[in-house]
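Residue strings, one per chain:
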Amino acid sequence: MTQRITILGSTGSIGQSTLDVMARHPERYEVFALTAATQVELMLKQCASFRPRFAVMASEAHGRQLAERVQAEGLAVEVLWGAQAIEAVSAHPEVDAVMAAIVGAAGLAPCLAAARAGKRLMLANKEALVVGAEVFLQAVREGGAVLLPIDSEHSAIFQSLPDDASTWDRRVRKIILTASGGPFRTRDPQTLREVTPEQACAHPNWSMGRKISVDSATMMNKALEVIEARYLFGLAPRRIEVVIHPQSIVHSMVQYHDTSVVAQLGVPDMRAPIAYGLAWPERIDSGAAHLDFTSLPAMTFEPPDPARFPGLQLAWDALEGPAGTAAVLNAANEVAVQAFLDRRIRFDQIHHVNLETLAAVLPQQPATLDELLLLDARAREVAERAAQRLQA
């Protein structure tokens, strides 16, 4: 049967790659709804190509713009806008699966809606687990949702683990997340204060949005992935490691108690884990290139340099802190990265904003979405004040 898919964040890199994979299998997948924040023109093109039943913009202003363009083009697409509409198309009874690709804490509410509705939830929004792990996982359990990781690292781990999740803790010694090291892997840490947004966004291997590209340059993306892995796979933080692998061929590994290591390899193309999530437990053509082992470069591995990537350790610190600490870290980092992209603070000051916010905001254990959002808002206020002081 054809699966009806809602794509949250369809105009981003993950959303566009998802549409590319789905277009290769029109007999299997149908676009039910697309959502986006501001990119009206691209959303219009996607509506023309994929004819979803619903197209949802985050704001009324962008929604009305899209509605006018859709009407002018004569497209039979219903245009909606606002957070409630995004949640509605995530939980719609006719939807079979949801690709959660909204960047940041803004993706938490629609992820919760999909989980509570028992959807097959393909999670590319790591913040849903980083910000609200307990609340989110409870919604997954109570709704009977199927949670599938889409980040290349977490997909690789999922593919390398035994099918029976009840045996993971007993059979696995540790999981090893690989990281490319980003554009500054070999750069003198003393020169990082001079980095521009353009340099930070020039990732050597992956084509990604600006925010996640900066996170890759600081390795904060890997810190968030450590937190996500802890909740996805249920292993203690001390059993999660990070190793730099500049070639981005080995996407992550699982080491078992008998010392065997199982890894997932592939070209750095997000269509591969997306295709795995769409078809699981089957496999379908993703459009990604095949590995040619006879022409691969030498593969190397190295430990992360704490002087160059001081933010990485914050993952384990947050996991050992009070409940809600990871949500504070995520909020601070989103504010700090945006301040850097706006040229209000230096690249090396992102870490200072994160540290200051973690020190200033003592989280109470959030038990509901509203409490999570209040904690997120409080952390953002503190982080913004920290960024303003650095700017001054």
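First things first, this report covers the structure right here in the doc. Quick caveat, the model's predicted, so the values are computed rather than measured.

Right, let's talk about the sheet that holds strand S11 (residues 261-265) for a bit. The sheet built from four strands is open, its strands ordered S9-S8-S10-S11 with mixed pairing. In this open sheet, the two strands that pair with only one neighbour each are strand S9 (240-244) and S11. Each adjacent strand pair in this sheet contributes to an overall mean axis angle of 20 degrees, direction not counted. Pairing between strand S8 (residues 172-179) and S9: five bridges, direction parallel. Bridge pairing links Ala179 to Ile244 in S9.

To continue, consider the packing of aromatic side chains. This structure, assessed with the given rule, holds six aromatic pairs. When the centroid spacing of 5.3 Å and the interplanar angle of 80 degrees are considered together, the rings of Phe184 and Phe347 count as edge-to-face. One end of the pair, Phe184, is in the loop between S8 and helix H9 (197-200); the other, Phe347, is in the loop between helix H14 (325-341) and helix H15 (349-360), and 163 residues separate them in sequence. Look at Phe184 and you get buried, because its relative accessible area is 4%. We classify Phe347 as buried; its relative accessible area is 5%. Among the aromatic residues, ring-to-ring pairing joins Phe158, Tyr276 and Trp280 into one connected group. Above the face of the Tyr231 ring, Arg230 is positioned so that its terminal group lies 5.4 Å from the ring centre.

It is worth spelling out the pattern of salt bridges at this point. Evaluated as defined, the whole model comprises 23 salt bridges. Between Arg271 and Asp20 there is a salt bridge whose closest N-O contact spans 3.1 Å. You can see Arg271 sitting in helix H12 (residues 271-279) and its partner Asp20 sitting in helix H1 (residues 13-23), a full 251 residues away along the chain. Across the salt bridge formed by Glu241 and Lys174, the nearest N and O atoms sit 2.9 Å from each other. One end of the pair, Glu241, is in strand S9; the other, Lys174, is in strand S8, and 67 residues separate them in sequence. Sharing partners across several salt bridges, the network here consists of Asp20, Arg24, Asp269 and Arg271.

Further remarks concern the sheet that holds strand S6 (residues 120-123). In space, the seven strands of this open sheet follow the order S4-S3-S2-S1-S5-S6-S7, with parallel pairing throughout. Unpaired on one side and paired on the other, strand S4 (78-81) and strand S7 (146-149) mark the two borders of the sheet. Direction aside, neighbouring strands of the sheet carry axes that sit 20 degrees apart on average. Alignment of strand S1 (residues 3-8) against strand S2 (residues 29-36), held across six bridges, turns out to be parallel. Note on S2: the bridge partner recorded for Gln3 is Tyr29. Packed onto the sheet, helix H4 (residues 83-91) meets S1, S2, strand S3 (54-57), S4 and strand S5 (97-100) and runs at close to 145 degrees relative to S3.

Calculation criteria
Residues numbered from 1 in each chain as written. Predicted model: local features only at pLDDT ≥ 70, side-chain atom pairs only at ≥ 80, totals over all residues. Heavy atoms only, no water. Pairing = 2+ DSSP bridges. Helix = DSSP H or I, 4+ residues; strand = E, 2+ residues; numbered from the N terminus. Axes fitted to C-alpha atoms, helices over the stretch in contact; angles between N-to-C directions. Phe/Tyr/Trp six-rings, centres within 6.5 Å; stacked < 30°, edge-to-face > 60°. Buried < 20%, exposed > 50% of the residue type's maximum accessible area, 1.4 Å probe, protein only. Lys NZ or Arg CZ within 6 Å of the ring centre and 35° of its normal. Salt bridge = Lys/Arg side-chain N within 4 Å of Asp/Glu carboxyl O. Contact = heavy atoms within 4.5 Å.

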